[in-house]
Amino acid sequence: MGPGLLKSADWPLLIDLYFFLGGLAGGAFVIATIANLLDARRYRDVVRMGYYIAFLAIIPGPILLIVDLGVPTRFLHMMMVSKPSLEIGMSALTVGPFHLKLLSPMSAGAWALLGFSVCAFLVALDVFLEDRGGRSMSVLRLVAGVIGGFFGFFLAAYPGVLLGATARPLFISAHWLGALFLVVGASSGGAAIALILSLLGSRARESLSQLMRFTAFALILQLAALALFIITVQMSGSTGIAQALAKLLAGPYSLAFWLGAVVVGIVVPLALQLGGGIKKAAPGMTALASALILIGGFLVKYVIIAAGQAT
Amino acid sequence: MARTLAMFTDVSLCIGCRACQVACKQWNQLAPEEPEWTGSYQNHAHFTDKTYRLVRFFEETDATGQMKQWHMMSDVCKHCAQAGCLEACPTGAIYRTEYGTVNINQDICNGCRYCVSACPFGVVAFNHDTGTATKCTFCNDRIHNGLGPACAKACPTESIRFGFRDELAGKAKQRVEELKKLGYKDAQLYGEDTNGALGGLNAFFLLLGKPSIYGLPDKPKLPQRNVIADSLLSIGSALLVGLGALVAFRSRDDKGGA
Ligand code: SF4
Ligand code: SF4
């Protein structure tokens, strides 16, 4: 009976959208950084597009978050308050008006969003100046790229950890949500780069096929994380688990889950890529697979959050 | 820190009169709400932004579905020693007072609603008018002026008692023994043990049966306990993703395969 008493934050679609874009931005950024470290010239297209996408995708982030707040003018309270209270939790670090609560993923996430945005802006600016015929400040790109890469991973994963640190029955014993959200960020980041490159008719066939190879790998991880999530929840045997899981797997959200998140988002694009598309990297095929990955990447986050929040 | 204050609710004394619920509304000036039909005397079904104190009614049935016993329990925020709401709150609006109680500073809360989903008991409620989260404060203004919370003052049977935690805990244990002698063999304390779940509850209860009869979780868990394990799994997957990217971009196109 316990779970019947629990309440839900009722985070709306705006938040799902932020989680999706944040993951996508983080994923695209990490891919660009790794490609840049390996061979900046050879992977120039991937690096450029990855950094541009990361920057553009993160711009709506703070706006979505602020709009959702009960008191939007107090967004900055996530990081600072003029008169902080003394005892605000066992994991709190305070310096003057600033605070960071290590065990509150929402607090840490707000800081990560700030850090990531700064790095994404710097790197995108550097790419932009280079596009305009200037010279890349490679040291800046390297440093901001690596630091931003860590923030990018964080940004992709923390919403899952945040959900896991609520009392909602579907989330509290899930443990794999952070990992799942992280790999979804990786697959959607890779897919976003591939989609744009193939639409632009990029000459870089080679990078495109390598990108698709990477997203195929990320999709396999995504499938594994999804399975581990369900198995872990199932085996926890906590109160209310059966009903919570049934909502996702057999109830009102099952269609979006099985058809949307699993078939459209993972199985079909994987089949498209493994069935030859990956070698030839035909732009049409790549674009289609990438678009499906993006749709699935949004749906998997949306459907898990919706099912977990439903009472 | 001053001596911890606590509330002890003895359900064996509750007569379901809801004087506490009314007193809470009056003192905290909480607006009226539409009554809710819950199928029993209970009104409302849940804590809301206008109901911080709620008398719950439960009908315990036996295996054949016959009514066995009628339970009443006046429920409230537990002011947990390890509070999910407080640990979740990203703004620091939720804080612990010198008496060990848990409060929400309405001038700091920005309405993110994380606390609402992080409370293991479904206590915190979001107020759409103010855009902030609210809950019982043990009547913070009263206890800082030497008055007990309004509910405890109003309770005519002393089912709700307020005082120093250590003293109340002693009385509670005695009362369990008395009840056991009277034949209530399932009488038990919930949340009294400071080594137990959530480090003990500063609003603890004497129940006449299993916690689940009262809709309470047997072993409430602090949701933030998950953060470290879940983060480690995330880091593991980040390493895999990074490795995958390295391998994918190192490979030559002509080799093919994933
Ligand atoms: S019962 Fe819920 S609202 Fe009250 S202190 Fe504990 S976690 Fe916070
Ligand atoms: S709604 Fe307010 S009190 Fe609750 S977690 Fe957010 S900022 Fe803190």
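Everything discussed here concerns the structure shown above.
Report on the accompanying structure.

What counts as what
Residues numbered from 1 in each chain as written. Chains lettered and ligands numbered in written order. Predicted model: local features only at pLDDT ≥ 70, side-chain atom pairs only at ≥ 80, totals over all residues. Heavy atoms only, no water. Near = heavy atom within 4 Å. Nonpolar A, V, L, I, M, F, W, Y, C, P; charged D, E, K, R; others polar. Disulfide = S-S within 2.5 Å. Buried < 20%, exposed > 50% of the residue type's maximum accessible area, 1.4 Å probe, protein only. Helix = DSSP H or I, 4+ residues; strand = E, 2+ residues; numbered from the N terminus. Pairing = 2+ DSSP bridges. Expected span 1.5 Å × (residues − 1).

### A word on the site of ligand 1
Neighbouring ligand 1 are 14 residues; C77, K78, C80, C85 and C119 of chain B lie closest to it. The class makeup of the residues in the shell around ligand 1 is 10 nonpolar, two polar and two charged.

### Some thoughts on the state of the cysteines
Residues and elements named next belong to chain B. Scanning the entire structure with this criterion turns up zero disulfides over all chains. C24 forms no disulfide, and the closest cysteine sulfur to it belongs to C139, at a distance of 6.3 Å. Judged by relative accessible area, which is 8%, C24 ranks as buried.

### Brief notes about the pairing of strand β10 (residues 203-207) of chain B
Along any regular strand the residues' side chains alternate between the sheet's two faces. Residues and elements named next belong to chain B. In terms of residue burial, β10 counts as a mostly covered element, since five of its five residues are buried. Along β10, one buried face is formed by A203, F205 and L207 and the opposite face, lined by F204 and L206, is buried too. Sheet analysis places strand β1 (residues 5-10) next to β10, joined by four bridges and oriented parallel. Residue pairing across strands places M7 opposite A203, the latter belonging to β10. Strand direction decides the pairing type here: strand β9 (residues 188-190) and β10, joined by three bridges, are antiparallel.

### Describing helix α5 (residues 105-131) of chain A
With 27 residues, α5 of chain A ought to run about 39 Å at 1.5 Å a step, and its terminal C-alpha atoms sit 37 Å apart, in line with that. G133 of chain A, located one to two residues past α5 of chain A, shows a positive phi value of around 100°.

### Here's the deal with the pairing of strand β1 (residues 92-95) of chain A
Residue and element names in this part refer to chain A. Judged from the four bridges that link them, β1 and strand β2 (residues 98-101) form a sheet pairing that is antiparallel. Residue V95 lies in a different strand from β2, and its bridge partner there is F98. In textbook terms, the turn of a hairpin is the stretch between consecutive antiparallel strands, and for β1 and β2 this stretch comprises two residues, one of which, G96, has a positive phi near 55°.

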